[in-house]
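Coordinate inspection notes
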Amino acid sequence: DICEAFGVSERSCYRWRWIFEECSTATKPPSPLTGRTRTITRALLMAVKDLFAEGSDLFLDEVCTWLAIEHDIIFSTSTLSRNLNDAGLTRKVLRKLTSERDEVCREEFRASLRNDF
């Protein structure tokens, strides 16, 4: 008996046979649903990057508020921080954006925040 030769249960043999018949391979392909789903899309990451370029003295809770108002996405500051780090937008990169920003655009952004909120 094959099960005894491999030292496995009959159920395992049936499962392996089913996988081979379905997938034509001995191993099951990985599920497309594995891993954490991305909360922030690439477009939102670019919008956050632009937001930091305009005013990087913003705190994460202010960015979360901006995302909630502008894009109807609500999540915690820790989630935002993790997503920014995963995208490579570390504090060092964000500070570099600050040094390259235009002061006129920055003042316009702050004025729009004061007027709109």
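Structure: see above.
Keep in mind that this is a model prediction, so the values were computed, not measured.

**Comments concerning the packing of helix α3 (residues 42-54) against helix α4 (residues 60-71)**
Here α3 crosses α4 at 125°, and the two axes come no closer than 12 Å. The angle between α3 and α4 falls in the class oblique. By crossing handedness, the relation of α3 to α4 is classed as right-handed. Facing L44, A47, V48, L51 and F52 of α3, the residues of α4 in contact are L60, V63, W66, L67 and H71. When the residues that make up the contact of α3 with α4 are grouped by side-chain class, the tally is nine nonpolar, one polar and no charged.

**Some thoughts on a nonpolar patch on the surface**
On the surface, I2, F6 and W16 cluster together to form a nonpolar patch covering roughly 370 Å² of accessible area. Turning to its location among the elements, I2 is positioned in helix α1 (residues 2-6). Judged by relative accessible area, which is 55%, I2 ranks as exposed.

Definitions and limits used
Residues numbered from 1 in each chain as written. Predicted model: local features only at pLDDT ≥ 70, side-chain atom pairs only at ≥ 80, totals over all residues. Heavy atoms only, no water. Axes fitted to C-alpha atoms, helices over the stretch in contact; angles between N-to-C directions. Helix = DSSP H or I, 4+ residues; strand = E, 2+ residues; numbered from the N terminus. Parallel < 35°, antiparallel > 145°, perpendicular 65-115°, else oblique. Left-handed = near helix turned anticlockwise from the far one by under 90°. Contact = heavy atoms within 4.5 Å. Nonpolar A, V, L, I, M, F, W, Y, C, P; charged D, E, K, R; others polar. Patch = residues over 30% accessible without salt bridge, like charges linked within 9 Å, V, L, I, M, F, W, Y side chains within 5 Å. Areas by Shrake-Rupley, 256 points an atom, 1.4 Å probe, with all protein chains shown as cover. Salt bridge = Lys/Arg side-chain N within 4 Å of Asp/Glu carboxyl O. Buried < 20%, exposed > 50% of the residue type's maximum accessible area, 1.4 Å probe, protein only.

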